[in-house]
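Notes for the structure review
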Amino acid sequence: MSALESLKALAGSSSRQLQAAEVLGQLGLPGRQLEDWKYLSLKHLQSKTLAAPNGDFDGDIASFDITGLTAARLVWVNGVFRADLSDQADGLTWVQDASDLDWVAPEIDGLAAANLAAGQLVELAVSDALQMPVHCLFIAEGEDQAAQPRLQWRVAANAQLELLEQHVGEGANLVNMVSQFDLAADSKVTRYKLLNTKNATHTGHTWAQVRRNADFQNHFIDLGGKFHRDQICVQLIESHANTRLNGLYMVDGRNLSDSHTRIEHLVPQATSAQHYRGIANGRGKAVFNGLVYIGENASQSATEQKNANLLLSDTAEINPKPELQIHNDDVVASHGSTVGNLDEEQLFYLRQRGLSEAEGRALLTFAFAEQIAQALPSQPLADYLEARFAQDVL
């Protein structure tokens, strides 16, 4: 049985799930036939029979903790929510039979359809009583399973959510995730998505709607893996809404990282910014596609987009595509993208001071990546990433 056939067979029994399975059959798995997938291929997955996920785990959950981060931990194993391994916290409640927001339409691509057809929906409600960070831990175990967690966050007015979404494990599974964020007025979400699954085929769709005076910040860190694709859409739907998207992707060997961002300014007086950085070594491949859309009614909008990329080998590849689509003249907007090698003058300077060429290259690469870590509001997570960069680069 192929991956497509097995994903269809995993569909649930509700009318919406069956409709999504039908859309999956019509669309098939995404690939180079789609503009957003033109650099990617799921050929390695197509012939596999993907099984329903097994949520068993007998390891040490605490081994994945971030030093210095005290948080309420919620655990998923192969996409299955493990309430028995999860913490309770004032101001945070979860429901497993909620009504789906259904913002990530199955028509987006076959993987979005597959998640709606078979994903396990968990709704998490956040009130202003929440006073501690939340650590969502996603563990990949085993192989050839279809892990399809589906989360929706409802963040109440004046509530604040600091969220670490951490993906770990050696499992060689399909991890096909959907996250939906509904931000009420005057709320704030700071999300850190940390990808550290070396063998999984990981795809993620995130959709956020941001209301008046609310703030949605997303910090995406891809530490490298076989196949990682992250897609996020943020809609600013009431005035004075704000979003900031930061990201870092690092690939080497034959690893792949693909980041797609879309910010939609749909009303006047909303603001946005994004800053993504990429590092590619070996035969690694990275893609960044960042689109900012400013609609006809979105006067007095302001947006800024930056993308910088570092190539460390002649066989590495990075494909950046920053885009602005502006349909209103009363806006402030800027964007820019660079792809380059290490600065030879800086490298010469370091060698003059006693460093070898390898040490100089490592130090400059570390400094390039560290800019994203230093911008993180969470000091424990910034410290953790700087230690990882030092381990991987220096």
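Structural notes, computed from the coordinates. From a predicted model like this one, the values you see are computed outputs, not experimental measurements. (Residues numbered from 1 in each chain as written. Predicted model: local features only at pLDDT ≥ 70, side-chain atom pairs only at ≥ 80, totals over all residues. Heavy atoms only, no water.)

Between the side-chain oxygen of the N-cap and the backbone nitrogen of Glu345 there are 2.8 Å, and the N-cap of helix α5 (residues 344-352) in question is Asp343. Immediately beyond the C-terminal end of α5, within one or two residues, lies Gly354, with a positive phi of roughly 100°. (Polar contact = N/O pair within 3.5 Å; in protein donor to acceptor, adjacent residues only side chain to side chain. Helix = DSSP H or I, 4+ residues; strand = E, 2+ residues; numbered from the N terminus.)

Note on soluble globular proteins: their nonpolar side chains tend to be buried together. Counting residues in each nonpolar core, the largest one holds 46 residues, and the members touching the most others are Leu74, Leu92, Val134, Trp153, Leu161 and Phe216. Every residue in contact with Leu92, bar those within four places of it in the chain, is listed here: Leu74, Leu124, Ala125, Val126, Leu130, Val134 and Trp153. The next biggest cluster of nonpolar side chains, apart from the first, holds 26 residues, and it includes Ile221, Ala308, Leu342 and Leu381. (Core = buried A, V, L, I, M, F, W, Y, C linked by side-chain atoms within 4.5 Å. Buried < 20%, exposed > 50% of the residue type's maximum accessible area, 1.4 Å probe, protein only. Contact = heavy atoms within 4.5 Å.)

All right, on to the pattern of salt bridges then. Inspection of the entire model under this criterion finds 16 salt bridges. Close ionic contact of Arg229 with Asp258 constitutes a salt bridge, the shortest N to O distance being 2.9 Å. One end of the pair, Arg229, is in strand β13 (residues 227-236); the other, Asp258, is in strand β15 (residues 256-265), and 29 residues separate them in sequence. The partner of Glu357 in a salt bridge is Arg351, and the shortest N-O contact between them spans 3.7 Å. Classification of Arg351 by relative accessible area gives partly exposed; the value is 46%. The structure contains a network of salt bridges with shared partners spanning Glu123, Arg154, Asp182 and Arg211. (Salt bridge = Lys/Arg side-chain N within 4 Å of Asp/Glu carboxyl O.)

Now for unusual backbone geometry. A positive phi angle is found at Asp102, which is not glycine, with a value near 60°. Secondary-structure assignment places Asp102 in the loop between β3 (92-95) and α4 (110-118). Among the residues examined, Asp102 registers a relative accessible area of 25% and is labelled partly exposed. A positive phi angle, near 60°, is found at Asn213, a position not held by glycine. Its place among the elements puts Asn213 in the loop between β11 (201-210) and β12 (215-222).

With that out of the way, let us pick up the layout of surface pockets. By volume, the largest pocket amounts to about 420 Å³. Lining the largest pocket are 25 residues, with Asp36, Ile108, Arg229, Gln231 and His260 positioned closest to its centre. Counting residues per element, the ones that place at least two in the lining of the largest pocket are β11, β13, β15 and β17 (285-294). The greatest single-element share of the lining of the largest pocket, amounting to four residues, is contributed by β13. By residue class, the composition of the lining of the largest pocket is 10 nonpolar, nine polar and six charged. Volume-wise, the second largest pocket comes out at about 350 Å³. Met250, Asp252, Asn281, Asp392 and Val393 are the residues nearest the centre of the second largest pocket, which is lined by 16 residues in total. Those elements that provide at least two residues to the lining of the second largest pocket are β14 (242-251), α6 (357-374) and α7 (379-393). By residue class, the composition of the lining of the second largest pocket is seven nonpolar, four polar and five charged. (1 Å grid on protein atoms, 1.4 Å probe; cavity = no way out; pocket = protein on both sides within 12 Å on 5 of 7 lines; lining within 4 Å. Points joined across faces, edges and corners; volume = space filled by probe spheres on them. Nonpolar A, V, L, I, M, F, W, Y, C, P; charged D, E, K, R; others polar.)

Pairing in this open sheet of 10 strands is mixed, and the strands run β2-β1-β5-β8-β10-β12-β14-β16-β18-β20 from one edge to the other. On the outer flanks of this sheet lie β2 (80-81) and β20 (331-340), each paired with one strand and no other. Pairing of strand β18 (residues 301-311) with β20 involves 10 bridges; the strand directions are parallel. From the neighbouring strand, Leu310 faces β20, where its bridge partner is Gly340. (Pairing = 2+ DSSP bridges.)

Take the packing of α6 against α7 next. Between α6 and α7, whose axes approach to 10 Å, the crossing angle comes to 160°. Of the possible angle classes, the one that applies to α6 and α7 is roughly antiparallel. Of the two elements, α6 crosses α7, and the hand of that crossing is right-handed. When α6 is examined against α7, the residues Ala362, Thr365, Phe366, Ala369, Glu370, Ala373 and Gln374 are found in contact with a partner set consisting of Ala382, Leu385, Glu386, Phe389, Ala390 and Val393. A breakdown of the residues in the contact of α6 with α7 according to their chemical character gives nine nonpolar, two polar and two charged. (Axes fitted to C-alpha atoms, helices over the stretch in contact; angles between N-to-C directions. Parallel < 35°, antiparallel > 145°, perpendicular 65-115°, else oblique. Left-handed = near helix turned anticlockwise from the far one by under 90°.)

Keep in mind these numbers describe shape, not what the thing actually does.
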